[in-house]
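# A closer look at the structure
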Amino acid sequence: MSPPPVLKVAVNVPLSRLFDYLPPKGVDPARLQAGVRVTVPFGRQQQSAVVMEVADSSELPHSKLKRALALQDEETLLGADDLWLIRFTSEYYHHPVGEVVAAALPTLLRQARPLIPTTEQVVLTPAGRNASDAVLSRRAPKQAELLDALLRRGKATVSELDERLPQWRRSRKALLDKGWIQIDEIADVPPPPGREAAEPGPELNREQRAVLADMRSHADFRVTVLDGVTGSGKTEVYLHRMQDVLAQDKQVLILVPEIGLTPQFVRRLRRRLGIEPLLLHSSLTDNERLNAWRMARDGSAPLLLGTRSAIFTPLARPGLIVVDEEHDSSYKQQEGLRYSARDLAVARAKQLNIPVILGSATPSLETLQRCRQAAYRHQVLSQRAGNAAPPLLRLVDLARYPSNDGLSDPLLRALDKHLGENGQALIFLNRRGFAPTLICGGCGKIAECNRCDARMTVHAARNALHCHHCGARRALDASCSDCGSACRPLGQGTERIEGVLAARYGDESVTRIDSDSTRLKGTMDKALARATSGDARILVGTQMLSKGHHFPKLTLVGVVNADQGLFSTDFRGGERLAQSLTQVAGRAGRERRQGEVIIQTAFASHPFWNRLLSGGYADVADYSLAEREAAAWPPYSRLALIRASAMQRDHTHEFLNAARNKAEQLGFDQVRLLGPVSAPMERRAGRYRAQLLLQSGSRQALHGLLDALVLALESSKSGRRVRWSVDVDPVELF
Ligand SMILES: Nc1ncnc2c1ncn2[C@@H]1O[C@H](COP(=O)(O)OP(=O)(O)OP(=O)(O)O)[C@@H](O)[C@H]1O
Ligand SMILES: [Zn+2]
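Remember, predicted model here, so these are calculated numbers, not experimental data. Think of each chain on its own: its residues are numbered from 1, step by step along the sequence as written. Chain labels run from A onward and ligand labels from 1 onward, assigned in the order the entries are written. Residues qualify for local features only when their pLDDT is at least 70, as the model is predicted, and side-chain atom pairs are given and counted only at 80 or more; totals for whole chains, interfaces and linings, by contrast, use all residues. Only hydrogens and water are removed before side-chain values are computed, so all heavy atoms of the structure are retained for them.

### Description of the coordination of the zinc ion (ligand 2)
Note that water is not among the atoms considered, so a metal site may appear incomplete; the donors listed are N, O and S atoms within 2.8 Å of the metal, with 3.2 Å applied to Na, K and Ca. The zinc ion (ligand 2) binds to the protein through Cys449 (SG), Cys452 (SG), Cys467 (SG) and Cys470 (SG); the donor distances cover 2.3 Å. Note that the zinc ion (ligand 2) binds 4 donor atoms; their angles at the metal cover 105 to 113°, and the shape is tetrahedral. When the donors of the zinc ion (ligand 2) are listed by position in the chain, the intervening gaps give C-x2-C-x14-C-x2-C. In this structure, Cys449 and Cys452 share a single accessibility class: buried. Labels for metal geometry use angle windows, namely 85 to 135 degrees for all angles of a four-donor tetrahedral site, and for square planar (four donors) or octahedral (six donors) sites opposite donors over 155 degrees apart plus all others within 65 to 115; sites meeting none of these are irregular. To sort residues, take the accessible area from a 1.4 Å probe on protein chains only and compare it with the maximum for the residue type: under 20% means buried, over 50% means exposed, and anything in between is partly exposed.

Structure representation (structure tokens):
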């Protein structure tokens, strides 16, 4: 008899390797395939794990192998392409494969639940139906209420009851004991999205038609970079391409940086494609998430719209992937598994041999560089669609026109003018709260966070100081704890600017949109609706407002302070600044009237401004690429960052020094090691942070070194005293 197969499974633990198990007792070996879930004994616990491979043998003797306890799935949950993506992600980002699987699966599947989500349904029994609730309503009014609620429909799911009778669970046991209700487990699946008639869009202009024709000429894998100025009709081009693919009965996956910001986009997809897009994002309930995942996997949902993690969703008939606003840094996960959804989209499309579109008015330098190398196809839309003209940009030199509470005279005059002509204005400031600093008028002491090397932000409405790094909060100090003098807020945040504008133009006219003002469910949609209708005459907001929106009446954009980005220590500072200013400027004048953009700066002679104002984003990008090439920064080299944090400063440095020594021993000459150094904001949430940067012109060398180094670090002693992580292609260096 041949020996039983060996299951190589991914367990959700922070170790790179797979673990070997024998098949569960009594399971037909034919049912054991890569992509099924099994329950395995792990340490003293049981774990749910995914079979990555079914092998003939193990490096361990059979007698040493434990047996898996149970097979969870009748059919494979993850197909070969899904497993490929998981492995690729694990290898490329040097992240434990079990944790990648965990990131790729909806929570319920991770918890060994079945693919069809279920819910509890409370059903009235015949006895319950006949029970007299006259008596009950006197003695037990809560029970009577529940019976009453059920009488009308005979049954209700627990979530329906939770909504209508929040206290119902208290009566549950009593009524069950009386035999008046019973609780059934039922499938909780919504119907798949239906189709309706699609509305036609505007006729494409010449540039759009040329781009679309080029995309249509190539059905296989190809990366098209749709580099179109704001309002040039990129979305119209995607929509046509999506229509083609959907008409061939294939699926389309669209990634966006954030879904809460795009109700307009969702509506547009529905209207123009005649299909309800299935949403995949982090604020779904567990059941909703599982259902979305399942309908993508079985093909019953043709159109999927999701944020970063949606890139892992299985697709039955993949046809096209679109990454909108590809430059957006939220495609890169900044903790745990630090993947770039954009880069994985390209890898996945290649594996599936399908086209992928990366769209942006401000493509990342990495992407532009790939275009220069002809690895990606560069398609440019140089004109705004329809009759809209590009916005006019103007600088206001704060050295000449000092600002009062953040707003200079020229900006205020422009506001008067645009509002007077029935226009709408957007005031952009990438800083929420009232003021970024609280300072003592006597000794100059600044309020700092106790757990971070950072200042506290003043939030006036809550009369509090918040740390934007660790979330710490405390009451606003009226007087200085050192000298007793009065403290005052210094600088501007969105809350303060909102107040200044409300005092000048009236409360009614001003709407603030930032993560503080839109925390409550529904407030974001409402604010965006007011912005779109024009009821909100002045919008004040952070980068939340700068991306992707189409506010037809908006004619003026004012940038309160752009200088933070000018002197950034991050080599991506200039690129980021140019992107965010171009994007926010692009909100102005998207319909009939030309938009005006006023940027306030204290450094008007900085060469950055000349480049941006005369040459636009493309010039800034060319210049920055040359700079990066000279300094051998990405995209002209590859980076990986090893980060460590600990309660004691020494531990991080010891660990990273050991990592450096190990890396040197491994002898990859083509990789430069920089550090270890403390992070610029060394202490965060009470932990000290440090980092070691690895840089190389050769991707192979860098990954070769990481392969060996990560294995060594996983078993290193100093690694146990710190939290450490590897960040491949980091977007934040600090
Ligand atoms: N060929 C066209 N003729 C007339 N109007 C068009 C055309 N193409 C697009 N539009 C309109 O122009 C506006 C901008 O188009 P769209 O949203 O597709 O641009 P975009 O490049 O994706 O925008 P952004 O990147 O700035 O968000 C929309 O109102 C759209 O309906
Ligand atoms: Zn803090």
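### Brief notes about the site of ligand 1
In the neighbourhood of ligand 1, 20 residues make up the surrounding shell, with Gln208, Gly231, Lys234, Thr235 and Arg590 lying closest. By the criterion applied in these results, polar contacts are pairs of N or O atoms within 3.5 Å in which, for protein atoms, one can donate a hydrogen and the other can accept it, and in which residues neighboring in sequence qualify only through two side-chain atoms. Gly233 places a main-chain nitrogen or oxygen 3.0 Å from an oxygen atom of ligand 1. The secondary structure listing takes helices from DSSP runs of H or I that are at least 4 residues long and strands from runs of E that are at least 2 residues long, numbered from the N terminus. If one sorts the elements of the shell around ligand 1 by residue count, helix H10 (residues 234–247) sits on top with 3 residues. Of the residues that make up the shell around ligand 1, three or more belong to each of domain 3 (206–381) and domain 4 (392–435 + 491–628). We call a residue near a molecule or strand whenever a single non-hydrogen atom of that residue lies within 4 Å of it. The split into domains, and so the bounds of each, comes from an automatic or database assignment of domains.

### Considering the domain arrangement of the protein chain
When the parts of a complex come together, some accessible area is lost, and that lost area is often used as the size of the interface. Along its sequence, the protein chain is organised into domain 1 (6–110), domain 2 (118–187), domain 3 (206–381), domain 4 (392–435 + 491–628) and domain 5 (638–728). Computed from C-alpha coordinates alone, the two centres of domain 1 and domain 2 are separated by 42 Å.

### Structural notes on the packing of aromatic side chains
Each aromatic pair joins two rings of Phe, Tyr and Trp (for Trp, the six-membered one) with centres within 6.5 Å, and gets the label stacked for planes under 30 degrees apart, edge-to-face for over 60, and tilted for any other angle. Under the criterion given, the structure shown has 9 aromatic pairs. With a centroid separation of 5.2 Å and 80° between ring planes, the pair formed by Phe608 and Trp609 is classed as edge-to-face. In terms of burial, Phe608 and Trp609 fall into one category: buried. On the basis of an interplanar angle of 35° and a centroid distance of 5.7 Å, the ring pair of Phe655 and Trp724 is categorised as tilted.

### Some details on the UniProt feature "binding site: Zn(2+) 1" (unreviewed entry) in the protein chain
UniProt positions are given in the numbering used here, feature names are shortened, and annotations may be inferred rather than shown by experiment. As annotated in UniProt, the feature "binding site: Zn(2+) 1" (unreviewed entry) corresponds to Cys440, Cys443, Cys480 and Cys483 in the numbering used here. A compact arrangement is adopted by the annotated residues: their sequence extent is 44 residues, whereas the largest C-alpha distance between any two is 8.4 Å. Within the secondary structure, Cys440 is located in strand E21 (residues 437–440). Overall, the relative accessible area of 3% leaves Cys440 in the buried class. Those residues in contact with Cys440 that lie beyond four places of it in its chain are Lys445, Cys480, Cys483, Ser485, Ala486 and Cys487. Relative to the helices and strands, Cys480 is located in the loop between strand E24 (473–475) and strand E25 (487–490). Those residues in contact with Cys480 that sit more than four places away from it in its chain are Cys440, Cys443, Lys445, Ser485 and Cys487. In what follows, residue pairs with any heavy atoms lying within 4.5 Å of each other are defined as contacts.

### Points about the sheet that holds strand E32 (residues 687–696)
Only strands joined by at least two bridges in the DSSP assignment are considered to pair. Spatially, the 4 strands line up as an open sheet ordered E31-E32-E30-E33, and their pairing is antiparallel. The open sheet has two edge strands with one neighbour each: strand E31 (671–684) and strand E33 (723–728). The average undirected angle you get between the axes of adjacent strands in this sheet is 20°. Alignment of E31 against E32, held across 8 bridges, turns out to be antiparallel. Every angle, taken between N-to-C directions, lies between 0 and 180 degrees, and every axis is a line fitted to C-alpha atoms, over only the stretch in contact when it is a helix.

### Concerning unusual backbone geometry
What you tend to see is this: most non-glycine residues have negative phi, and most peptide bonds are trans. For the bond from Pro634 to Pro635, the omega torsion is 5°, close enough to zero to count as cis. Note on placement: Pro635 falls in the loop between helix H19 (607–631) and strand E30 (638–646). The omega torsion of the bond from Gly675 to Pro676 falls at 10°, within 30 degrees of zero and hence cis. Located in the positive-phi region is Asn353, a residue other than glycine, with phi close to 55°. Turning to its location among the elements, Asn353 is positioned in the loop between helix H13 (341–352) and strand E15 (356–360).

### Notes on the environment of Val237
Within the element layout of this structure, Val237 appears in helix H10. Considering only alpha carbons, one finds Val237 and Val6, 231 residues apart in sequence, at a separation of 49 Å. Setting aside residues no more than four positions away along its own chain, Val237 makes contact with Gln208, Val211, Leu212, Met215, Leu226 and Leu381.

### Describing the packing of helix H1 (residues 80–92) against H13
Their axes nearest at 11 Å, the elements H1 and H13 cross at an angle of 140°. Here H13 runs oblique to H1, going by the angle between their axes. Crossing of H1 against H13: the hand is right-handed. Contact residues: H1 offers Asp81, Asp82, Trp84, Leu85, Phe88 and Thr89, while H13 offers Leu344, Ala347, Arg348, Gln351 and Leu352. When an angle is under 35 degrees it counts as roughly parallel; over 145 it counts as roughly antiparallel; between 65 and 115 it counts as roughly perpendicular; any other value is oblique. When the near helix sits turned anticlockwise from the far one by under a right angle, the crossing is termed left-handed; a clockwise turn instead gives a right-handed crossing.

### Considering the nonpolar core
We define the nonpolar core as a collection of buried residues of types Ala, Val, Leu, Ile, Met, Phe, Trp, Tyr and Cys that are connected through side-chain atoms lying within 4.5 Å of one another. One finds Met52, Leu255, Ile311, Phe312 and Leu694 to be the most contacted residues of the largest nonpolar core, which totals 75 residues. Here this core gets 7 residues from one element, more than from any other, and that element is helix H21 (residues 699–714). Dropping the residues within four chain positions of it, Met52 is found in contact with Lys8, Val9, Ala10, Leu18, Ala34, Leu83, Ile86, Arg87, Val97 and Val101.

### Quick look at the sheet that holds strand E1 (residues 6–10)
Strand pairs in the sheet, formed through backbone hydrogen bonds, run parallel or antiparallel to each other. The strand order across the open sheet formed by 6 strands is E5-E2-E1-E4-E3-E6, and the pairing between neighbours is mixed. Edge positions in the sheet fall to strand E5 (66–67) and strand E6 (70–71), since each of these pairs with one other strand and no more. As judged from the 5 bridges shared by E1 and strand E4 (residues 45–55), these two strands associate in the antiparallel manner. The residue of E4 that forms the bridge with Val6 is Ala55.

### Topic: the confidence of the model for the protein chain
Low-pLDDT portions of the prediction should not be read for the details of their coordinates. As a per-residue measure, pLDDT reflects the predictor's confidence and takes values from 0 up to 100. Per-residue confidence for the protein chain gives a mean pLDDT of 90, with 99% of residues at or over 70. Per-element confidence in the protein chain ranges from a low mean pLDDT of 65 for helix H5 (residues 133–139) to a high of 98 for H13.

### What to know about the packing of H10 against helix H11 (residues 263–273)
Axes are the key here: two packed helices are described by the angle between their axes and the distance separating the axes. It is the contact of H10 with H11, at a shortest axis distance of 11 Å, that shows an interaxial angle of 45°. Comparing their axes, H11 and H10 come out oblique. Helix-helix and strand crossings are classified by hand; for H10 and H11 the assignment is right-handed. Residues Thr235, Glu236, Leu239, His240, Met242, Gln243 and Leu246 of H10 form the contact with H11, whose participating residues are Phe265, Arg268, Leu269, Arg272 and Leu273.

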